[in-house]
Amino acid sequence: MARRSRAREVALQLLFQRDLNPTPVPRPAIERFTRERLLQDLEMAAYCLALYDGTLAKQTEIDPKLTATATNWRLSRMLPVDRNLLRMACYELLYDPAAEPIEVIIHEANELASRFGSADSPKFVNGVLDKIARMRTAPAAEGATTGA
């Protein structure tokens, strides 16, 4: 498994745990878990924690976008894996200053959905992220047509 793929997997595990566990986990435990899971690869641990922290920092902006995009699906009805995977991928697509190309983000999300979600998760995740990705490209396309 590629290093960044593994870092995304660990970030998803952290987001899943935080979503389902009402007791906050102390930051040193989160950092230790990350380093151990990533075999002391400090560069990937930093990448993983940046995804985790960024997703949490933007969650209040991401959740309404997901609710609006996932037609007929409330966040509370989504599988916890799907919900947190979508949050993380939305962070990458819309807010991550060092974002990978759109195709890479969606592909990685689909891989994680296949591994950890239900049989329907990859299709669901792909459909939602495709719509979210259009949000990322829409302003640039509008600016190009208006001459802005």
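## Concerning the packing of aromatic side chains
Here a ring pair, both rings aromatic, is described through the centre-centre distance and the interplanar angle of the planes.
Here is step 1 of the chain: Using the criterion set out here, one finds 1 aromatic pair in the structure.
Here is step 2 of the chain: With centroids separated by 5.4 Å and ring planes inclined at 55 degrees, the aromatic side chains of Trp73 and Phe124 adopt a geometry described as tilted. Of the two residues, Trp73 sits in the loop between α3 (42-69) and α4 (80-94) while Phe124 sits in helix α6 (residues 121-146), which places them 51 residues apart along the sequence.
Here is step 3 of the chain: Look at Phe124 and you get buried, because its relative accessible area is 19%.
Here is step 4 of the chain: Sitting above the plane of the Tyr47 ring, Arg4 keeps its charged end 4.1 Å from the centroid.

## Things to note about the packing of helix α2 (residues 27-37) against α3
Here is step 1 of the chain: In the contact formed by α2 and α3, the axes pass within 9 Å of each other and the chain directions differ by 130 degrees. Put simply, α2 runs oblique to α3. Between α2 and α3 the crossing geometry is right-handed. Here α2 contributes Arg27, Ile30, Glu31, Thr34 and Arg35 to the contact with α3, which in turn contributes Leu42, Ala45, Cys48, Leu49, Tyr52 and Asp53.
Here is step 2 of the chain: Along the lines of polarity and charge, the residues of the contact of α2 with α3 split into 6 nonpolar, 1 polar and 4 charged.

## Some thoughts on the pattern of salt bridges
Here is step 1 of the chain: Summed over the entire model, instances satisfying the criterion amount to 14 salt bridges.
Here is step 2 of the chain: Arg83 is the salt-bridge partner of Asp19, the closest N and O atoms lying 2.8 Å from each other. Placement of the pair is Asp19 in helix α1 (residues 3-20) and Arg83 in helix α4, with a sequence separation of 64 residues.
Here is step 3 of the chain: Among the ionic pairs, Arg134 bridges to Asp130, the shortest N-O distance being 2.6 Å. Of this pair, Arg134 and Asp130 both sit in helix α6, 4 residues apart, which is roughly one turn of the helix.
Here is step 4 of the chain: Here Arg134 falls in the partly exposed class, since its relative accessible area comes to 48%.
Here is step 5 of the chain: Classification of Asp130 by relative accessible area gives partly exposed; the value is 36%.
Here is step 6 of the chain: Bridged by salt links that share partners, the residues Asp19, Asp63, Arg83 and Arg87 form one connected network.

Each value, and the rule that gives it
Residue numbers restart at each chain and count upward from 1, following the sequence in its written direction. Where totals are concerned, whole chains, interfaces and linings use all residues; where local detail is concerned, this predicted model gives features only for residues with pLDDT of at least 70, and gives and counts side-chain atom pairs only at 80 or more. In computing side-chain properties, one takes all heavy atoms of the structure into account and sets aside hydrogens as well as water. Aromatic pairs are defined between Phe, Tyr and Trp rings, using the six-membered ring for Trp, whenever the two ring centres lie within 6.5 Å; interplanar angles under 30 degrees are classed as stacked, those over 60 as edge-to-face, and all others as tilted. Only DSSP runs of H or I with at least four residues qualify as helices, and only runs of E with at least two residues qualify as strands; both kinds are numbered from the N terminus onward. Burial classes follow relative accessibility: with a 1.4 Å probe on protein chains only, a residue under 20% of its type's maximum area counts as buried, one over 50% as exposed, and anything between as partly exposed. For a lysine, the NZ atom is tested; for an arginine, the CZ atom; a charge sits over a ring if that atom is within 6 Å of the ring centre and within 35 degrees of the ring normal. Axis definition: a line fitted to C-alpha atoms, over the contacting stretch in the case of helices. Angles run 0 to 180 degrees between N-to-C directions. Orientation categories follow fixed angle ranges, with anything under 35 degrees roughly parallel, anything over 145 roughly antiparallel, 65 to 115 roughly perpendicular, and all other angles oblique. Crossing handedness follows the turn of the near helix against the far one: under a right angle anticlockwise gives a left-handed crossing, and clockwise gives a right-handed one. We call two residues in contact when some of their heavy atoms are within 4.5 Å. Classes in brief: Ala, Val, Leu, Ile, Met, Phe, Trp, Tyr, Cys and Pro nonpolar; Asp, Glu, Lys and Arg charged; the others, Gly included, polar. The rule for a salt bridge is simple: a side-chain nitrogen of Lys or Arg has to be within 4 Å of a carboxyl oxygen of Asp or Glu.

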